[in-house]
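Examining the three-dimensional arrangement
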Amino acid sequence: MDLLRNFFKGDKVVWIIFLALCLVSIIEVFSASSTLTYKSGDHWGPITNHLILLTVGAFVVWITHNLPCRLFKIGILLYPVAIILLIIVLSMSAINGASRWIDLGVVQFQPSELAKMATIITVAFILSRMQEEKQANRKAIKYILIVTGFTCLFIVTENLSTALLLVISVYLMMIIGRIPFKQMALLTGAGVAALVIGLSTIKYVPAETWDTIGLHRMTTWQNRLNSHFDKSQIPPEKFDIDGDAQIAHANIAIATSHVIGKGPGNSVQRDFLSQAFSDFIYAIIIEELGLIGGGIVAFLYIWLLMRIGKIARYCDKSYYSFLIMGIGFLLATQAMFNMMVAVGILPVTGQPLPLISKGGTATLVNSAYIGIILSVSRYVEELKKKEQEEALTAAGEKQIPSDSQPEPAGEA
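Summary of the structure given here.

Basis of the calculations
- Residues numbered from 1 in each chain as written.
- Predicted model: local features only at pLDDT ≥ 70, side-chain atom pairs only at ≥ 80, totals over all residues.
- Heavy atoms only, no water.
- Helix = DSSP H or I, 4+ residues; strand = E, 2+ residues; numbered from the N terminus.
- Buried < 20%, exposed > 50% of the residue type's maximum accessible area, 1.4 Å probe, protein only.
- Contact = heavy atoms within 4.5 Å.
- Areas by Shrake-Rupley, 256 points an atom, 1.4 Å probe, with all protein chains shown as cover.
- Phe/Tyr/Trp six-rings, centres within 6.5 Å; stacked < 30°, edge-to-face > 60°.
- Patch = residues over 30% accessible without salt bridge, like charges linked within 9 Å, V, L, I, M, F, W, Y side chains within 5 Å.
- Salt bridge = Lys/Arg side-chain N within 4 Å of Asp/Glu carboxyl O.
- Lys, Arg positive; Asp, Glu negative; His and termini not counted.
- Charge placed at Lys NZ, Arg CZ, Asp CG, Glu CD.
- 1 Å grid on protein atoms, 1.4 Å probe; cavity = no way out; pocket = protein on both sides within 12 Å on 5 of 7 lines; lining within 4 Å.
- Points joined across faces, edges and corners; volume = space filled by probe spheres on them.
- Nonpolar A, V, L, I, M, F, W, Y, C, P; charged D, E, K, R; others polar.

Next up on the list: the overall build of the protein chain. When helices and strands are counted, the protein chain shows 15 helices and two strands. Burial status across the protein chain gives 45% buried among its 412 residues. Taking as baseline every contact in the protein chain between residues at least 6 positions apart, the subset at least 24 positions apart corresponds to 73%. Surface summary for the protein chain: the accessible area is close to 21300 Å², and the carbon and sulfur share equals 66%.

Structure follows, in structure tokens:
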């Protein structure tokens with residue numbers, strides 16, 4: 001027991017959530033990888049690769065959670081590196097219609113994942129350094145917007161949903177970082193206006209114009225928006241299931257799941273969903289594990305965010321609190337994006353389900369996030385232990401004088 005306690009340091013609940021998500025990932029990715037199995041002819045190949053990646057991810061968690069928290073400030077040096085990598089990847093040829101990956105042979109590296117991490121670390125550093133007695137310094141928002149805006153500038157044209165995910169996470173960090181209310185109100189208004197103008201531009205500018213200026217991803221988003229907001233009733237016999245295959249088969253998977261699902265490995269729609277193991281894995285989870293299983297998976301992310309909030313509340317250094325809360329917002333928001341797409345609330349975004357979907361860079365970076373959370377929780381545990389020892393020492397010092405009062409002098 002002591003060996004396990006020393007090996008799994010930090011918050012035990014976070015460890016349980018991480019291991020539970022990994023278990024769901026192993027079961028569902030194995031089930032949802034039928035299309036990869038068909039293409040490769042290797043039944044065990046996809047899940048073997050995924051198991052290796054999860055093992056490496058668990059090692060990343062273990063290494064990171066043993067690092068002293070003060071070392072995470074060095075992470076701001078990742079920011080310029082991530083920006084350079086984003087510039088490099090934009091100059092490369094597109095894969096699946098977008099320039100997102102750098103092929104390293106063994107694995108495809110996605111610089112946007114590193115950029116998200118670097119931005120969260122940098123924003124947490126800015127917020128912690130610019131805290132005043134009642135609120136953050138009014139100049140903090142300027143630096144945060146510069147850092148976040150610069151990152152999104154190199155992401156948005158190829159990965160709009162990732163840029164939006166990062167903006168939402170940073171916005172929530174600014175709220176808990178006590179950015180002045182007037183500044184947040186102005187930023188909220190400007191953000192809503194920018195969102196409306198941006199979506200309107202994507203929707204109504206002709207696809208030929210986007211292709212002419214080289215922004216081919218905007219055409220993809222235009223099609224997704226048109227498909228999502230088209231509420232016209234189509235008779236079943238005229239529905240083009242091949243035209244919107246992902247959405248159609250995800251809906252079928254959810255509609256046929258019922259309460260308890262079909263059981264692990266019994267999915268039917270995995271054979272028709274092209275990204276069943278990644279972007280639409282939540283639909284497969286519901287199909288196999290039912291509404292109960294889907295609800296439990298959603299609760300795990302909520303529980304993780306709640307646990308992070310509890311750890312952050314006991315931190316004595318604002319940087320650690322802002323850092324892990326930013327990570328929590330990022331993971332929870334990305335999970336929400338993925339699940340809302342799977343159930344048809346949002347248009348298709350291409351966001352994987354953190355720590356569950358089959359992936360490369362995202363799995364390793366998300367594992368590093370968990371390691372950072374555990375490292376801060378370990379720091380908090382040590383802080384609590386130190387406070388308890390000091391309290392006991394103080395109580396003992398107060399007790400000593402009362403026990404050593406001089407005896408009254410006897411009669412002469």
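Taken as a whole and assessed by the stated rule, the structure comprises seven aromatic pairs. Between Tyr320 and Tyr379, the aromatic rings sit 5.1 Å apart at their centres with planes inclined by 75°, giving edge-to-face as the arrangement. One end of the pair, Tyr320, is in helix α14 (residues 318-342); the other, Tyr379, is in helix α15 (residues 361-403), and 59 residues separate them in sequence. As far as the burial class goes, Tyr320 and Tyr379 line up, both buried. Among the aromatic residues, ring-to-ring pairing joins Phe125, Tyr319, Tyr320 and Tyr379 into one connected group.

To continue, consider a positive patch on the surface. Together, Arg70, Lys73, Arg129 and Lys317 make up a positively charged patch on the protein surface. In this fold, Arg70 is placed in the loop between α4 (45-65) and α5 (78-90).

Phi at His258 takes a positive value of approximately 65°, unusual for a residue other than glycine. Assignment of secondary structure puts His258 in the loop between α12 (245-255) and α13 (281-313).

What follows covers empty space enclosed by the protein. All told, the structure shown has two cavities of 30 Å³ or more when counted by the stated rule. Approximately 30 Å³ is the volume found for the second largest cavity. Taken together, 11 residues make up the lining of the second largest cavity; nearest its centre are Glu158, Asn159, Leu160, Arg217 and Trp221. Looking at the lining of the second largest cavity, the elements that each hand over two or more residues are α8 (160-176) and α11 (216-229). Classifying every residue of the lining of the second largest cavity gives three nonpolar, four polar and four charged.

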